[in-house]
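Residue-level listing of the chains:
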Amino acid sequence: MALSEPVRAVRRLGSTAQIGAIVLAEQAIDTYLDGYGRPDDRAVALDILLRDLARLRFLEPDLDGFIGEVERYIDLLYRALARRAA
């Protein structure tokens, strides 16, 4: 099964250890989410990303720390969605 574009970006960026890689990964996630207008759709898209990141963590255990940083960003996005819904 193919990984989504933002997860491929996380894989690529996490492997290179370049300065600002986490910011580029966050931008890839933001760009991906721009395709989903409704909050419910955005939440589902974030769920899919988390699932794909779990798969990536299994495939690339050396990226564990970087993936953890990306997951923290996704958690912030979830919290922002929840605040808007309240």
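All figures in this text were calculated on a predicted structure; none of them were measured in a lab.

### Side note on the confidence of the model for the protein chain
And step 1. Per-chain confidence: the protein chain averages 90 in pLDDT, with 97% of residues scoring 70 or above.
And step 2. For the protein chain, helix α1 (residues 5-16) is the element with the lowest average pLDDT, namely 90, and helix α2 (residues 21-33) is the one with the highest, namely 93.

### Focus: α1
And step 1. With 12 residues, α1 ought to run about 16 Å at 1.5 Å a step, and its terminal C-alpha atoms sit 17 Å apart, in line with that.
And step 2. Those residues of α1 not exposed but buried are Pro6, Val7, Ala9, Val10, Leu13 and Gly14. End-on view of α1: buried residues confined to an arc of 150 degrees, all on one side of the axis.
And step 3. Along its buried surface, α1 packs onto α2, α3 (39-59) and α4 (64-85).
And step 4. Among the residues trailing α1, Ala17 stands out with phi positive, at a value near 55 degrees.

### Thoughts on the pattern of salt bridges
And step 1. Inspection of the entire model under this criterion finds 9 salt bridges.
And step 2. Linking Arg57 and Glu71 is a salt bridge whose minimum nitrogen-to-oxygen distance equals 3.1 Å. Pair noted here: Arg57 is in helix α3 and Glu71 is in helix α4, with a separation of 14 residues, a long-range link.
And step 3. Judged by relative accessible area, which is 24%, Arg57 ranks as partly exposed.

Rules used in this analysis
Residues numbered from 1 in each chain as written. Predicted model: local features only at pLDDT ≥ 70, side-chain atom pairs only at ≥ 80, totals over all residues. Heavy atoms only, no water. pLDDT = per-residue confidence, 0-100. Helix = DSSP H or I, 4+ residues; strand = E, 2+ residues; numbered from the N terminus. Expected span 1.5 Å × (residues − 1). Buried < 20%, exposed > 50% of the residue type's maximum accessible area, 1.4 Å probe, protein only. Arc of directions from axis to C-beta. Contact = heavy atoms within 4.5 Å. Salt bridge = Lys/Arg side-chain N within 4 Å of Asp/Glu carboxyl O.

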